[in-house]
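Okay, here's what each chain looks like letter by letter:
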Amino acid sequence: PYSINTEIFSPTDRSEAKYAIDVAPDCFTILVGAESAKERRKGFDLLMTTLQQLRKNPEVEMLIKRGKLLFWSFGGSSPEIEKLGIPFRSFGYVNDDRKLAQIYSASNLVIVPSYQDNYPNLMIEAMSCGSPVAAFAVGGLKDLVTSDVGMLAPAFDTTELAKQVARGILDPKKLSLQGQLARERILDLCPI
């Protein structure tokens, strides 16, 4: 793993982080980020299919209709996300590490839908901020994202990834524990 500043990328209280970003504390937030949605290896098309599959879960769909689920992103976005009918917010490009850490801390879950990736900063920074990661079992993702710190689906199996994300949405206490363990894993790998 790349080294990161684990003092900057550190967990803050999720409710406080959400409040600071103007999101209700009881709203479940899912984050994705990439320099560009057009970069094929980052799996934007896989993300879109995963989110379409996710909407097939009636309990998740009810949360969407009640305004209790928010999907957000940073980096290069795409109007395609907005067409899914899931509440969406883009932070655009975030060049401030402290602001980025706040966004991670406010996220209940981070999805990294890459076709190929080594140890993406998105994964390492999110885990360092105590946010569990959902990803496909590819590259370095499969080395760090295990069932104790997140969710790993077989490579490119969007149906399975959607099922795992739905289970996470419906069990926020388990996700919170996974986030704590994710932080511990990063501290073990990337000490200052």
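This section reports on the structure supplied with the text. (Residues numbered from 1 in each chain as written. Predicted model: local features only at pLDDT ≥ 70, side-chain atom pairs only at ≥ 80, totals over all residues. Heavy atoms only, no water.)

1. Some remarks on the overall build of the chain
Just so we agree on the cut-off: Only DSSP runs of H or I reaching four residues or more are called helices, and only runs of E reaching two or more are called strands; each is numbered from the N terminus. Computation of the radius of gyration draws on C-alpha atoms alone. For the globule rule, the value is 2.2 Å times the number of residues to the power 0.38. Categorising residues by exposure relies on relative accessible area from a 1.4 Å probe, with only protein chains included: less than 20% of the type maximum marks a residue as buried, more than 50% marks it as exposed, and the intermediate range marks it as partly exposed. By definition in these notes, contact holds between two residues if any of their heavy atoms fall within 4.5 Å. Surface exposure here means Shrake-Rupley accessible area, sampled with a 1.4 Å probe, where a residue is shielded only by the protein chains that are shown. Counting rule for charge: Lys and Arg are taken as positive, Asp and Glu as negative, and neither His nor the chain ends is counted. The atoms used to mark charge sites are NZ of Lys, CZ of Arg, CG of Asp and CD of Glu.
Secondary structure assignment for the chain yields nine helices and six strands. The C-alpha atoms of the chain give 15 Å as radius of gyration, which agrees with the globular expectation for 192 residues (16 Å, within 12%). Expressed as lengths along the three principal axes of its C-alpha atoms, the size of the chain is roughly 45 × 35 × 30 Å. Across the 192 residues in the chain, those meeting the buried criterion constitute 53%. Contacts spanning at least 24 positions in sequence make up 66% of the contacts within the chain whose residues lie at least 6 apart. With the model as given, the accessible surface of the chain reaches about 8,900 Å², and the carbon-plus-sulfur share is 50%. Mean positive and mean negative side-chain charge positions of the chain (22 and 23 charges, respectively) differ by 5 Å.

2. Topic: the pattern of salt bridges
Just so we agree on the cut-off: When a carboxyl oxygen of Asp or Glu is within 4 Å of a side-chain nitrogen of Lys or Arg, the pair counts as a salt bridge.
In this structure the tally under the stated criterion is five salt bridges. Two residues, Asp26 and Lys68, come together in a salt bridge whose shortest N-O distance is 2.6 Å. A residue pair is termed long-range when its members are at least 10 positions apart, and Asp26 in the loop between α1 (14-20) and β1 (28-34) and Lys68 in the loop between α3 (58-65) and β2 (69-75) qualify at 42 residues. According to the relative accessible area criterion, Lys68 is partly exposed, its value standing at 24%. For Arg185, the salt bridge identified is with Asp148, shortest N-O distance 3.2 Å. You can see Arg185 sitting in helix α9 (residues 172-189) and its partner Asp148 sitting in the loop between α7 (141-144) and β6 (150-153), a full 37 residues away along the chain. For Asp148, a relative accessible area of 33% translates into the label partly exposed.

3. Some details on unusual backbone geometry
Positive phi, close to 65°, is recorded for Asp22, a residue that is not glycine. If you trace the backbone, Asp22 turns up in the loop between α1 and β1. Judged by its relative accessible area of 68%, Asp22 falls in the exposed class. Phi at Phe156 takes a positive value of approximately 65°, unusual for a residue other than glycine. Note on placement: Phe156 falls in the loop between β6 and α8 (158-169).

4. Topic: the environment of Glu82
Tracing the sequence through the fold places Glu82 in helix α4 (residues 79-82). Owing to a relative accessible area of 54%, Glu82 belongs among the exposed residues under this scheme.

5. A closer look at the packing of helix α2 (residues 44-54) against α8
Convention followed: The convention used is that axes are lines fitted to C-alpha atoms, helices contributing only their stretch in contact, and that angles between N-to-C directions extend from 0 to 180 degrees. Orientation categories follow fixed angle ranges, with anything under 35 degrees roughly parallel, anything over 145 roughly antiparallel, 65 to 115 roughly perpendicular, and all other angles oblique. Should the near helix be turned anticlockwise from the far one by less than a right angle, the crossing is termed left-handed; should it be turned clockwise, right-handed. Three residue categories are used. Nonpolar comprises Ala, Val, Leu, Ile, Met, Phe, Trp, Tyr, Cys and Pro, charged comprises Asp, Glu, Lys and Arg, and polar comprises the others, including Gly.
In the contact formed by α2 and α8, the axes pass within 8 Å of each other and the chain directions differ by 55°. On the basis of the axis angle, α2 is oblique to α8. In the crossing of α2 with α8, the sense of the turn from one axis to the other is right-handed. On the side of α2, the interface is formed by Leu46, Thr49, Thr50, Gln53 and Leu54, while α8 contributes Thr158, Thr159, Leu161, Ala162, Val165, Ala166 and Ile169. When the residues that make up the contact of α2 with α8 are grouped by side-chain class, the tally is seven nonpolar, five polar and no charged.

6. Points about the layout of surface pockets
Here is the rule: In this analysis, the protein atoms alone were mapped onto a 1 Å grid. Cavities are point sets where a 1.4 Å probe fits without being able to get out; pockets are open sets with protein on both sides within 12 Å along at least five of seven lines; lining residues have an atom within 4 Å of a point. Grid points are joined across faces, edges and corners, and a volume is the space filled by probe spheres set on the points.
Taken as a whole, the second largest pocket spans an internal volume of roughly 200 Å³. Lining the second largest pocket are Arg14, Ser15, Lys18, Pro25, Asp26, Cys27, Phe28, Leu63, Lys68, Asn108, Ile169 and Pro172. With three residues, the top contributor of residues to the lining of the second largest pocket is α1.

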